[in-house]
2 protein chains.
Amino acid sequence: MTIKRIAELANVSSATVSKIINGKDKHISEATRQKVLGIIEREGYIPNGIAKSLKMKRTKTIGIIMPDVMNLFFSEIARGAEDAAERKGYSVILCNSDNKQSKEEKYIQILQEKMVDGIILTASESSISKSLDRCNTPMVLVDRDIASDKKVGRIVVNNEEGAYNATNFLIKKGCKNIGFISADSKTKLSAARLRGYEKALIDNGLKIDKEKIFLQNYTIESGYQGTMALLMQTEIDGVYCGNDLIAIGAIKALKEKNIKIPKEVKIIGFDDISISQYIDPPLTTIKQPIYQMGEEAVEMLISMIEEKSIKMTKVLETILVERGSS
Amino acid sequence: MTIKRIAELANVSSATVSKIINGKDKHISEATRQKVLGIIEREGYIPNGIAKSLKMKRTKTIGIIMPDVMNLFFSEIARGAEDAAERKGYSVILCNSDNKQSKEEKYIQILQEKMVDGIILTASESSISKSLDRCNTPMVLVDRDIASDKKVGRIVVNNEEGAYNATNFLIKKGCKNIGFISADSKTKLSAARLRGYEKALIDNGLKIDKEKIFLQNYTIESGYQGTMALLMQTEIDGVYCGNDLIAIGAIKALKEKNIKIPKEVKIIGFDDISISQYIDPPLTTIKQPIYQMGEEAVEMLISMIEEKSIKMTKVLETILVERGSS
DNA sequence: ATGAAAGCGCTAACAC
DNA sequence: GTGTTAGCGCTTTCAT
């Protein structure tokens, strides 16, 4: 069923049907309007959005590229993004990159072929600025800091400050030997959090001890292994974890070793993913407004798409949420 | 940049360029092939997939409608689905319905307008069979049982059997007073799990006690409240939870009441979402092959799309994973 | 080995 | 108030 067929059935032209469908019907008589609407309803006609997109040169679709939706941090961003998109009449295509540059580049290509109106890129790694510069589609980066000539939007959080506050909190709580478990500091994100940790130590007259720093991945497994490693090689009474997943792994390791949390070792995480409040003990963490980051990303993106306005960078606040783990 | 422009630059026709792009170039001379490819590369030409889709009447895109990606169960399905789709050259549009019929219907409409080649519907509720019957797009239902005249694919698990096994396991472990906390049994899914629970009780000569049954939602909060309610109104030494989220809430409640798990009360869940092994104590649960369900759903869907073959229903196996909570 | 041309379903400028 | 028509960028049949 096409608009043309509907037009025939109603004895009008396809232009008339088009106008009615799109609400541009101020100059259409109520009689034909009703007739056409009736036929559309009766025939169960559904407009071909692909044809419309070809003509209009917009798809009302955005792409979102992230490492992994199964990660609670990213699934919350995805949900915030999809909700905001839905409100604005956009759909979202989901792409999981596993932080692999090759997959990111492939998806950027595919999304451009699909003529998405904009792209949201979410990850923890840096790099691929080349393929970005080549890409003319509006883009906003979330939780990610890539240098690029391209005018991209950015939704960020002050990671250094957050890590500083976390470490400082542990110190105020009396910790003297604070471990740091996070992802490889080759990524800017992790590097910023490491800087915050080190700065807090220095500002409080504590010294930086390489033995207390364990860098691997943002996973539960890494948190577990890192904690076991620190326990083995040094003394700790507090651990700042690069994210909540790591903190969950750390807590697991500590429990296995029968070390009391927070009494003997205090734990603080970063993110405040949805599960963190249900962990035992409930996780003290630096809360990022994750859902909101997804929302703001698409709102910024859509304003770039529709109004061509460019608000280049939006910095969101983190807050420390104190729960039972420290 | 269009195919036509590339053709001009290469002094060939757009038909020739099209053939080269699509590998239908057996009759194209290597010279022109190289020339055209060179120009495409140099100009950074990206084919317009929308125009292609209009012509070809397929978009290589599928839609997936689920209650909420932030729920670990659904995010794992989404990941399995996206991975499988990516392998087959398809993209996926993500839609969160919050289990609301109105949103599901809206998304079904939008996905049809976007001319997706197929739709995956994942949820725990029943109903909306009307809008399904009206929809001609190939569809597969995951974890969901809706009667429909339409030829839809189905990926399911034997929920009654799973719940039976779970309850039976608790009984074999010595439990005599087993609670049941799950979602409202108006949904077929929850009803099946309730039947399994009741059947296991009866088969073991235990009797069904309404006081031990708490029906609300598939959430941590419901698990917490349900456990508190059961503790108040009856005696329990084991709880079968309708899913792992409920089990997590139940564990939280038990810990607050200083009740030892599994010594005083044993807990078993359903799903085996990714976090369950990291809970304290690690959760014993009926494992569904969640990721695989997402994969199989898109594989079935794509075979329906491409080969028009219809494998109507695929039943996947659950297995009991014993961990520390019972 | 290559090209001309029709047409996918829609919108919008312009006629009437 | 309503209709005619020219594309949007691509694929494909049929010529040559």
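Whatever comes next refers back to the structure up there.
Everything numeric in this text was worked out from a predicted model, so none of it was measured.

Asks: I keep staring at the protein's contact with DNA strand C and nothing clicks. Help me out?
Replies: Neighbouring residues of DNA strand C: 26 residues in total, closest Ile3(A), Ser18(A), Tyr45(A), Ser13(B) and Lys55(B). Of all DNA strand C atoms lying within 4 Å of any protein atom, the proportion belonging to sugar or phosphate reaches 74%. Interatomic distance of 3.0 Å between a side-chain N/O atom of Asn22(A) and a phosphate oxygen of DNA strand C. The side chain of Lys19(B) places a nitrogen or oxygen atom 2.9 Å from a base oxygen of DNA strand C. Of all the elements in the fold, those that place two or more residues in the surface near DNA strand C are α2 (14-21) and α4 (49-56) of chain A together with α2 (14-21) and α4 (49-56) of chain B. Of all the elements, α4(A) adds the most residues to the surface near DNA strand C, at 4 residues. Of the residues contributing to the surface near DNA strand C, the split by class is 10 nonpolar, 10 polar and 6 charged.

Asks: What exactly am I supposed to notice about unusual backbone geometry here?
Replies: Most of the time, phi is negative for any residue but glycine, and the peptide bond is trans. A cis amide bond, omega 5°, links Ile261(A) with the succeeding residue Pro262(A). With respect to the secondary-structure elements, Pro262(A) resides in the loop between α11 (244-256) and β9 (266-271). Look at the link from Asp280(B) to Pro281(B): it is a cis peptide, with omega at -5°. Mapped onto the secondary structure, Pro281(B) falls in the loop between β9 (266-271) and β10 (284-287). Non-glycine residue Asn99(B) carries a positive phi angle of around 65°. Tracing the backbone through its elements, the reader meets Asn99(B) in the loop between β2 (91-96) and α6 (101-113). Asn99(B) sits in the partly exposed class, given a relative accessible area of 28%.

Asks: In this structure, what is going on with the protein's contact with DNA strand D? I would like to understand it.
Replies: Every one of the 26 residues lining DNA strand D counts as a neighbour, but Ser13(A), His27(A), Ile3(B), Ser18(B) and Tyr45(B) are closest to it. Considering the 4 Å shell around the protein, atoms of DNA strand D inside it are sugar or phosphate in 67% of instances. In the environment of DNA strand D, a base nitrogen lies 3.2 Å from a nitrogen or oxygen atom belonging to the side chain of Lys55(A). Broken down by element, the residue count for the surface near DNA strand D peaks at 4 residues, all from α4(B). Here the residues of the surface near DNA strand D sort into 10 nonpolar, 10 polar and 6 charged.

Asks: Mind showing me how you'd approach the environment of Lys88(B) here?
Replies: Residue and element names in this part refer to chain B. Assignment of secondary structure puts Lys88 in the loop between α5 (72-87) and β2. Look at Lys88 and you get partly exposed, because its relative accessible area is 43%. Non-local contacts of Lys88, meaning those with residues more than four positions away in its chain, are made with Lys60, Glu299 and Ile302.

Asks: What am I meant to see in the packing of α5(B) against helix α12 (residues 290-307) of chain B here?
Replies: Working note: a packed helix pair is described by the angle between its axes plus the distance between those axes. Residues and elements named next belong to chain B. At a closest axis distance of 7 Å, the pairing of α5 and α12 adopts a crossing angle of 40°. Taken as axis vectors, α5 and α12 run oblique relative to one another. α5 and α12 meet at a crossing whose hand is right-handed. Along the contact surface, α5 presents Phe73, Glu76, Ile77, Arg79, Gly80, Ala81, Asp83, Ala84, Ala85 and Arg87, while α12 presents Ile290, Tyr291, Gly294, Glu295, Val298 and Glu299. Of the residues assigned to the contact of α5 with α12, the class counts are 8 nonpolar, 2 polar and 6 charged.

Asks: Is there a simple way to explain the relation of the copies chain A and chain B in this structure?
Replies: Two copies of a chain can be linked by a rotation about an axis combined with a shift along that same axis. Between chain A and chain B, the superposition needs a rotation of 180° and an axial shift of 0.0 Å, giving an RMSD of 0.1 Å. The symmetry that links the two subunits is that of a two-fold axis. No C-alpha of chain A lies nearer the rotation axis than that of Ile93(A), which sits 2.2 Å from it.

Definitions and limits used
- Along each chain, residues carry numbers from 1 onward, in the same order as the chain's sequence is written.
- All chains are assigned letters beginning with A, and all ligands numbers beginning with 1, in the order in which they are written.
- Whole-chain, interface and lining totals are the exception, using all residues; otherwise, since this is a predicted model, local features are given only for residues with pLDDT of at least 70 and side-chain atom pairs are given and counted only at 80 or more.
- Only heavy atoms go into the side-chain values, all of them from the structure, while hydrogens and water stay out.
- Nearness here has a simple test: a residue counts as near a molecule or strand if at least one of its heavy atoms is within 4 Å of that partner.
- In protein, a polar contact means a hydrogen-donor-capable atom and an acceptor-capable atom, both N or O and within 3.5 Å, with residues adjacent in sequence counting only if both atoms are side-chain atoms; elsewhere, any N or O pair within 3.5 Å suffices.
- Only DSSP runs of H or I reaching four residues or more are called helices, and only runs of E reaching two or more are called strands; each is numbered from the N terminus.
- The residue classification treats Ala, Val, Leu, Ile, Met, Phe, Trp, Tyr, Cys and Pro as nonpolar and Asp, Glu, Lys and Arg as charged. All others, Gly included, are polar.
- Throughout this description, buried means an accessible area under 20% of the type-specific maximum (1.4 Å probe, protein chains only), exposed means over 50%, and partly exposed covers the range between.
- The contact definition used throughout considers only heavy atoms, calling two residues in contact when any of these lie within 4.5 Å.
- Here an angle of 0 to 180 degrees is reported between the N-to-C directions of two axes, which are lines fitted to C-alpha atoms, with helices fitted over the stretch in contact.
- Relative orientations are named as follows: roughly parallel for angles under 35 degrees, roughly antiparallel for angles over 145 degrees, roughly perpendicular for angles from 65 to 115 degrees, and oblique for any other angle.
- Left-handed describes a crossing whose near helix is turned anticlockwise from the far helix by less than a right angle; the clockwise case is right-handed.
- Least squares is used to superpose the copies, and the fit set is the C-alpha atoms of residues whose pLDDT is at least 70 in both copies.

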